[in-house]
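Chain residues, written in single-letter form:
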Amino acid sequence: MSVSTSVTARRMAAAVLAAGALVGSASVSASAAEPRFERSHVAISRVQADAPGFDDRSARSLNAEWVEITNSGRRGIDLDGWTLSDRQGNRYTFNHYRLAGRSTVRVHTGYGRDTSRDLYQDRRNEVWDNRSDAATLRTERGRFVDSVSWGRHHDRDDRWGHWGHRHDDHRRDDHRRDDHRGPGDHRGHFGG
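Worth saying up front: this structure is predicted, and the values here are computed from it rather than measured. Along each chain, numbering runs from 1 in the same order as the chain's sequence is written. pLDDT decides what is reported in this predicted model: residues at 70 or higher carry local features, side-chain atom pairs at 80 or more are listed and counted, and totals for whole chains, interfaces and linings draw on all residues regardless. Side-chain measures here rest on the full set of heavy atoms in the structure, leaving out hydrogens and waters.

Points about the nonpolar core
Here, nonpolar core refers to any group of buried Ala, Val, Leu, Ile, Met, Phe, Trp, Tyr and Cys residues whose side-chain atoms link them within 4.5 Å. Three exposure classes are used, based on accessible area relative to the maximum for each residue type with a 1.4 Å probe and protein chains only: buried under 20%, partly exposed in between, and exposed over 50%. Core analysis: the biggest nonpolar cluster contains 23 residues, and Ile-44, Val-67, Ile-69, Leu-84, Phe-94, Trp-128 and Leu-137 have the highest contact counts within it. At the level of elements, strand S1 (42-48), strand S2 (66-71), strand S7 (103-108), strand S9 (133-138) and strand S10 (144-150) are the ones that each hand at least two residues to this core. Labels follow the DSSP assignment, with helices taken as runs of H or I lasting at least four residues and strands as runs of E lasting at least two, numbered in each case from the N terminus.

What follows is the structure, encoded as structure tokens:
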């Protein structure tokens, strides 16, 4: 092997190694710069769609219809801008609310004074269909977090304390955001 061939081979090997190092560092930088979605510890834990007793649209009756949301993680989660919606598109938007770690908040349909454990949609009518509906929770950017449905084709599921079926990972990649706001759909309240 001649000296010029040996020098050329060494230069090519050095160039290949340098290119590989450059590509490797670029991919590390790109992956470090991309935000990673961490699986949320927030989920819908219970639903009471049918208030016990007679539905007379009183505050008592409306507030007996609720959805519980639980944060099973140790750290608090800022739910500002997150939405809770039904199949008909009625939507409640959390307004300046932080769910503490290892705690639950109950979102009532009716009206009342918001506390750390109870939030009120301030509605004058029922929102959840007693026979068949779904409660869906999304982040402020419209990213799917959790959903529970009940009614047609769903058996009683005592694990969740209601008639229901959990929608898990097969729907977690649904990133569609519904920016349509209908009449009466406003921040901090269910629309409709």
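Describing the pattern of salt bridges
By definition, a salt bridge exists where a carboxyl oxygen of Asp or Glu is found within 4 Å of a side-chain nitrogen of Lys or Arg. On inspection of all chains with the given rule, the structure shows three salt bridges. Note that Arg-57 is salt-bridged to Glu-126, the shortest N-O span being 4.0 Å. In this pair, Arg-57 sits in the loop between S1 and helix H2 (59-63) while Glu-126 sits in the loop between strand S8 (118-120) and S9, placing the two residues 69 residues apart along the sequence. For Arg-131, the salt bridge identified is with Asp-129, shortest N-O distance 3.8 Å. Given the relative accessible area of 68%, Arg-131 is considered exposed. You can call Asp-129 partly exposed: its relative accessible area is 25%.

Quick notes on unusual backbone geometry
Even without glycine at this site, Arg-57 takes up a positive phi of about 65°. You will see that Asp-122, though not glycine, has its phi angle at about 60°, which is positive. Here Asp-122 lies in the loop between S8 and S9.

Description of the confidence of the model for the chain
Per-residue confidence for the chain averages 74 on the pLDDT scale, and 59% of its residues sit at or above 70. Note: pLDDT gives the predictor's confidence per residue, expressed from 0 to 100. Note on definitions: a residue-residue contact is assigned when non-hydrogen atoms from the two residues lie within 4.5 Å. In the predicted structure, residues 22-38 sits below a pLDDT of 50 and forms one contact with residues beyond four places in sequence or in another chain. Below a pLDDT of 50 lies the segment residues 153-164, which in the model reaches 21 contacts outside its immediate sequence neighbourhood of four places, other chains included.

Structural notes on the pairing of S10
Among the seven residues of S10, seven are classified as buried, and the element is accordingly described as predominantly covered. Two strands qualify as a pair provided that DSSP identifies no fewer than 2 bridges between them. Two strands pair when backbone bridges link them, and S9 and S10 are joined in this way by six bridges, in the antiparallel orientation. Paired with Thr-136 across the bridge in S10 is Ser-147. Following S9, the chain reverses through five residues before pairing antiparallel with S10; Gly-142 in that reversal takes a positive phi of roughly 85°.

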